[in-house]
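Below, each chain spelled out in residue letters.
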Amino acid sequence: MDNSIKKLLVIQNVILPYRVPIFNLLSKDFDVTVAYSLGKPFKTHVDFKVVYLPVNNYARFVINKNSLYKFCQNFDVVIGMSNISWLSIMALPFNKNRKFKIIFWGIGVRASYNTKFGEKTIWDKVRYVLFRRADALLFYSSYPLQRYLENRFDNKKLFVTNNTVAINRNYKEVLRKDLLFIGTLYKQKNIYALLNNYLGALQKNNKVPQLIIIGDGDEYKNILEWIKDNNLTNKILLKGKIFDEELLSSYFSSSIACISPGQAGLSVLKSMGYGVPFITQKSAITGGEILNIKSGNNGVLYNNDQELKNIILDITENTNKYIQMGREAKSYYDHCRKPSDMVEGMSSAINYVLSLNK
């Protein structure tokens, strides 16, 4: 019986900071190497090995400059992004002589700034042809499962590793008194719906909580001007980028709610981890993270921009209701959306493919 630690390769485009705790945890059970191809050189101290694999770009498609297949032969299991534009990754399962098992990891359905989450496209057929050759598929949520089962994928090959982020476990909860927005400032996130509805709520009740905006992006200067033009410099604080988790935790710990009209990404999980209900539109851009919100229980999902002003007024007048939603969000995160829960899902897929052909 082979009891040696198995060598695992995880292929990413970039190594994002929020993934580091996940890979560190994974390294407790496997000999982990994470490969990346884009972005600045990775110099953070981590518990896993890191390797840079250069690529060439051809329009939307990406091909490794050197043989990705030969490099993968050094590992027992390879987890590759389930992005059909990365052709070298997509080609890996088709090599009959490969020694490694291959898992594709990702959203599993269409998701972008320009399309609705899960929208069906002609590319689905291509995705199914390519993904069927993998030894297992690993999804960010359970949402894609039924669709893949309907397209005759083997249930045993489908795994869920619910997407999440780590939080600062040493944070101290203080008086919850603010509203929070966190994220890159793009128009697609509908940040102006928040600003205009905040102004409308303030005109009806001057006790509306202070709004703290954390982030940078194309709209930063325009938002700054909007705040000045509407004489709200004492009510809306534009903080810019913040990456330091200890500082971020201080803002979350004093927030009643996190509001993001147009996007519900990983900030949903971060908010929940800090006991803050997440408020977003039902049609928000998402990679599936919005599915964690149970409206009225651990957050709020609303139908259109016109409803947001009344939600902000409700937060102002019934603060304790939202603080209780935050407690429910925290309980949910602690019960099933911690980084260790995500790693457990990944480990299940890895152990499954290692058991094949034994």
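Structure shown above.
The notes below deal with the structure included here. (Residues numbered from 1 in each chain as written. Predicted model: local features only at pLDDT ≥ 70, side-chain atom pairs only at ≥ 80, totals over all residues. Heavy atoms only, no water.)

**Here's the deal with the overall build of the protein**
Across its full length, the protein holds twelve helices and 17 strands. In summary, the protein has a C-alpha radius of gyration of 22 Å against a globular reference of 21 Å for 358 residues, a match within 12%. A principal-axis box enclosing the C-alpha atoms of the protein has dimensions of 70 × 40 × 40 Å. Within the protein, counting contacts between residues at least 6 apart in sequence, those at least 24 apart form 65% of the total. Between the averaged position of the 48 positive side-chain charges in the protein and that of its 29 negative side-chain charges there is a distance of 6 Å. (Helix = DSSP H or I, 4+ residues; strand = E, 2+ residues; numbered from the N terminus. Rg over C-alpha atoms; globule rule 2.2 N^0.38 Å. Contact = heavy atoms within 4.5 Å. Lys, Arg positive; Asp, Glu negative; His and termini not counted. Charge placed at Lys NZ, Arg CZ, Asp CG, Glu CD.)

**As for the sheet that holds strand β1 (residues 7-11)**
Each strand in a sheet pairs with its neighbour through backbone hydrogen bonds, running either in the same direction (parallel) or in the opposite one (antiparallel). Taken together, the seven strands give an open sheet; going across it, the order is β3-β2-β1-β6-β7-β8-β9, and neighbouring strands pair in parallel fashion. The open sheet terminates on both sides in strands that have one partner only, identified here as β3 (49-52) and β9 (158-160). The sheet shows a mean angle of 25° between the axes of neighbouring strands, direction not considered. Strand direction decides the pairing type here: strand β8 (residues 136-139) and β9, joined by three bridges, are parallel. Paired with phenylalanine 139 across the strands is valine 160, a residue of β9. (Pairing = 2+ DSSP bridges. Axes fitted to C-alpha atoms, helices over the stretch in contact; angles between N-to-C directions.)

**Things to note about the side chain of glutamine 281**
Looking at where glutamine 281 falls in the secondary structure, it is placed in strand β15 (residues 278-281). By relative accessible area, which is 12% here, glutamine 281 ends up buried. Among the polar contacts made by the side chain of glutamine 281, one reaches the main-chain carbonyl oxygen of asparagine 303 at a distance of 3.3 Å. Excluding residues within four positions of it along the chain, glutamine 281 makes contact with Asn190, Ser260, Pro261, Ile290, Tyr302, Asn303, Asn304 and Asp305. (Buried < 20%, exposed > 50% of the residue type's maximum accessible area, 1.4 Å probe, protein only. Polar contact = N/O pair within 3.5 Å; in protein donor to acceptor, adjacent residues only side chain to side chain.)

**A short note on unusual backbone geometry**
We note that alanine 59 has phi near 55°; this positive angle belongs to a residue other than glycine. Judged by relative accessible area, which is 81%, alanine 59 ranks as exposed. Residue arginine 152 is not a glycine yet carries a positive backbone phi of 65°. Tracing the sequence through the fold places arginine 152 in the loop between α5 (145-150) and β9. Residue arginine 152 is classed as exposed on the basis of its relative accessible area of 72%.

**Overview of a nonpolar patch on the surface**
Residues Tyr58, Ile63 and Leu87 make up a contiguous nonpolar surface patch of roughly 260 Å² in combined accessible area. In this structure, isoleucine 63 sits in strand β5 (residues 61-64). A relative accessible area of 33% means that isoleucine 63 is categorised as partly exposed. (Patch = residues over 30% accessible without salt bridge, like charges linked within 9 Å, V, L, I, M, F, W, Y side chains within 5 Å. Areas by Shrake-Rupley, 256 points an atom, 1.4 Å probe, with all protein chains shown as cover. Salt bridge = Lys/Arg side-chain N within 4 Å of Asp/Glu carboxyl O.)

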